[in-house]
Amino acid sequence: MTAATQPFGLPAPDKLRKYKIWDSYFLPAHSADPQRFATDMKRSHSAIEKAAIERLCVFLHVGLGTADAATEANLRENPEVIVAPLKQWPEMLLGMMRLNPMDVRRSLDALNRWMRDGPMVGVYFASSKQASLPCNHRNFDPLVQKIDELGGVIMQHTWFKTSGKDSAGESTPSELAELAQRFPEIKFLCAHAGGEWEKGIRAIRAHPNILAETSGFDATAGFIDMAVRELGADRVVFGSHLPSRSLGTELSKVLSADISATDRKKIFGENLRRLLGPIHAKQGIPKR
Amino acid sequence: MPTLDRRELLHGAVAASVVANLSTAVVAEDGSARSVQRRVIDTNVSLFRWPFRRLPLDETGELVAKLRSHSIEQAWAGSFEGLLHRDIAGVNSRLVEACRAHGDDLLFPFGSVNPVLPDWEEDLRRCHEEHRMLGVRLHPNYHGYTLDDPRFERLMRLAAERRLTVQLAAAMEDTRTQHPLLQVADVDLTPLPEMLKRVPEARVVVLNHKVTGAEVMQLLNTPGAYFDMSRVNATDGVARVMRTVPKGRVVFGTHAPFLIYESAMIKVYESNLTDDEDSSILYENAKRLVSRASV
């Protein structure tokens, strides 16, 4: 082993394996060119191995207008492309389908096709310029009820930007709190904890059915400490945002926080596995 | 696995040839491979209070303990006070005192200079002549000037005459998360390549930049320009930057305690660098940068 190959800033691999890390937010490109997905898997491979990440939730377009025109056309002509990554990496990837709250009818149909009948285990609501609405919109109501009926996990992209929203479809943690208040029995993942996490954590604090996802912003010190203090470790879920963000940025948030090993295990995997319990039970996937 | 002690090595307990190549594994006399610590200069830490929240390592003693826990050899320290205070001489005196009190040759102060303030030249003089600093740190966006401001070029000329390295913080935090009453855009680096051509003796290290974009690549191809990697992102980001710019231009910086200390370390590790690349970013490039200092 040379100097450059010795772990630097990370615990030894056997210690990381004990955390049983599951990643709720993995972002390889799902596009018209399937080679891009494979390239991003290859880019991420070393980081996944070094962090000993066991499973990764990936967000897949299902032809609801959530992708660019070329990708949408490809999905229509070759629907097998939708789940191809899950077939290629069945032991690693967990499929989360991208829904379009602007098209409720087709989104409900897609839930039956891809979640009720498998293999998708959850849903991702993006904050894209196309195919997004603020998540307090009433269009979300029938969708989240259907997802809950099927046992799926709900991940909602959120940001609090100082300069305001970049597009009308973006969601904030406060808007997610409104949705969560309407459905107190349904769990929601607040992606990126709102980015500006001091506000984000406050916005979701009073809603025990919202969990904070950890990725998507710089490794600003103190984030996990505050999240665990204000929400409890049961309401924090690790995300890697690989490959567009680095392991250094995302893993260090949890690894370096001043929290107990028990809390770290919850954040790194136990909480996500708990959320996935209902859909795995419905789809007949054994507990891990 | 036994580990060689860095200070033992530095104090001549081991052959000089080993010292010259610390970043590779050593084969002991019995033939077993032994782990060797990397030599690391962290070019980007700050002391005192971040104005907008308490940080886990914002007590200097705690930051120093963290540096020692990772066997960091040197840390170049600026002051968060330099962002907003106008008594810059006081800011720099406190920085020097804290480095002396806690550092034990670990913390090297980089004083603040604000060329918008009257008599800033005296601050620069004190940094060099009285405090014997290796360099100074600038915050153009918080101090309210652009890089085509004649005062900036004059500062760069005077710093170059004194062989001071200039650290230029392009940002301190993501603009999206700034306090609503203190929103400052990232520093526009566009004028820098032309200025460096006019002041070829200058050495400027851009801190806290994501190191993406065509204008940045142009800057990195300009002699005299360096970047720290604290905010470089993507899992292959550090390797990409190192392999697309001239050798020796990227230095290790953590931007601690604002960012989590281990974040930058893991970024280097996950980049799968060669031993040469690993030692150059962590140590050699920074060492070379200040080797011309006249202190």
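Since the structure is predicted, the reported quantities are computational estimates derived from the model, not experimental observations.

> What exactly am I supposed to notice about the overall build of chain B here?
If you tally the helices and strands in chain B, you get 13 helices and 10 strands. Out of the 295 residues belonging to chain B, those deemed buried represent 50%. In chain B, the share of contacts with a sequence separation of at least 24, taken over all contacts with a separation of at least 6, comes to 70%.

> Please clarify how the overall build of chain A should be interpreted in this entry.
Along its length, chain A carries 11 helices and eight strands. Computed over the C-alpha atoms, the radius of gyration of chain A is 18 Å, within 12% of the 19 Å expected from 2.2 N^0.38 for a compact globule of 288 residues. Referenced to the eigenvectors of the C-alpha coordinate spread, the extents of chain A come out at roughly 55 × 40 × 40 Å. A buried classification covers 53% of the 288 residues belonging to chain A. Summarising the internal contacts of chain A: among those between residues at least 6 apart in sequence, 75% fall at separations of at least 24.

> Would you take a moment to explain the interface of chain B and chain A for this structure?
Where the parts come together, the accessible area they lose is often given as the size of the interface. Every contact between the two is made by 42 residues of chain B and, on the other side, 40 residues of chain A. No other element matches helix α12 (residues 261–270) of chain B, which puts 10 residues into the side of chain B that touches chain A. Taken together, the residues of the side of chain B that touches chain A break down into 19 nonpolar, 12 polar and 11 charged.

> I tried to follow helix α6 (residues 140–150) of chain A on my own but got confused; where do I start?
Note that an α-helix has 3.6 residues per turn; residues three or four places apart therefore point the same way. Residues and elements named next belong to chain A. When we look at burial in α6, the residues that qualify are Phe140, Leu143, Val144, Ile147 and Leu150. Within α6, the buried residues cover an arc of 125° as seen down the axis, which keeps them to one side. Contact partners of the buried residues in α6: α5 (104–116), β4 (122–125), β5 (153–157), α7 (173–182) and α11 (261–282). Looking one or two places after α6, you find Gly151, whose phi comes out positive at around 85°.

> Could you clarify how one ought to interpret the sheet that holds β4 of chain A in this entry?
Strand pairing within a sheet occurs via backbone hydrogen bonds; the two strands may be parallel or antiparallel. Residue and element names in this part refer to chain A. What the eight strands build is an open sheet, ordered β1-β2-β3-β4-β5-β6-β7-β8; its pairing is parallel. Because the sheet does not close on itself, it has two edges, and the strands there are β1 (21–26) and β8 (236–237). Taken together, the six bridges between strand β2 (residues 53–61) and strand β3 (residues 93–98) define a ladder with parallel strand orientation. Across the sheet, residue Cys57 finds its bridge partner in β3, namely Leu94. Those strands touched by helix α4 (residues 80–88) are β2 and β3, and its axis lies near 160° from that of β3.

> Help me understand the sheet that holds strand β10 (residues 250–251) of chain B, please; the structure alone is not making it clear to me.
Residue and element names in this part refer to chain B. The strand order across the open sheet formed by eight strands is β3-β4-β5-β6-β7-β8-β9-β10, and the pairing between neighbours is parallel. Of all strands in the sheet, those with a lone pairing partner are β3 (41–47) and β10, marking the two edges. In this sheet, β10 lies alongside strand β9 (residues 225–228) in parallel orientation, the contact comprising two bridges. Bridge pairing in β10 places Phe227 opposite Val250.

> What's the story with α12 of chain B in this structure? I'm lost.
Here α12 of chain B lies mainly inside the structure; 10 of its 10 residues are buried. Every buried residue of α12 of chain B is listed here: Tyr261, Glu262, Ser263, Ala264, Met265, Ile266, Lys267, Val268, Tyr269 and Glu270 of chain B. Among the structural elements, α2 (34–51) and α10 (247–255) of chain A together with α3 (60–69), α11 (237–244) and α13 (275–290) of chain B are those in contact with the buried residues of α12 of chain B. Among the residues trailing α12 of chain B, Asn272 of chain B stands out with phi positive, at a value near 50°.

> How should I be thinking about unusual backbone geometry in this particular structure?
Glycine aside, residues mostly have negative phi angles, and peptide bonds mostly take the trans form. In this structure, the amide linkage connecting Gly118 of chain A to the following residue, Pro119 of chain A, adopts the cis form with an omega of 5°. With respect to the helices and strands, Pro119 of chain A occurs in the loop between α5 and β4. Going from Leu242 of chain A to Pro243 of chain A, the amide bond is cis rather than trans, its omega being -5°. Of note in this structure, His241 of chain A is not a glycine but carries a positive phi near 55°. With respect to the helices and strands, His241 of chain A occurs in the loop between β8 and α10. For Arg132 of chain B, which is not a glycine, the phi torsion comes out positive at approximately 50°. Inspection of the secondary structure assignment puts Arg132 of chain B in the loop between α6 (120–130) and β6 (135–138). Assessed through the 12 C-beta atoms surrounding it within 10 Å, Arg132 of chain B is described here as exposed.

> So what exactly am I meant to see when it comes to the environment of Ala168 of chain A here?
Residues and elements named next belong to chain A. With respect to the secondary-structure elements, Ala168 resides in the loop between β5 and α7. In this structure Ala168 comes out as exposed when scored by C-beta crowding, with 9 C-beta atoms within 10 Å. Along the primary structure Ala168 and Ser256 are separated by 88 residues, whereas in three dimensions their C-alpha atoms are 36 Å apart.

Here is what the cut-offs are and how they apply
Residues numbered from 1 in each chain as written. Chains lettered and ligands numbered in written order. Predicted model: local features only at pLDDT ≥ 70, side-chain atom pairs only at ≥ 80, totals over all residues. Helix = DSSP H or I, 4+ residues; strand = E, 2+ residues; numbered from the N terminus. Buried ≥ 20, exposed ≤ 12 C-beta atoms within 10 Å, placed from the backbone. Contact = placed C-beta atoms within 7 Å. Rg over C-alpha atoms; globule rule 2.2 N^0.38 Å. Nonpolar A, V, L, I, M, F, W, Y, C, P; charged D, E, K, R; others polar. Arc of directions from axis to C-beta. Pairing = 2+ DSSP bridges. Axes fitted to C-alpha atoms, helices over the stretch in contact; angles between N-to-C directions.

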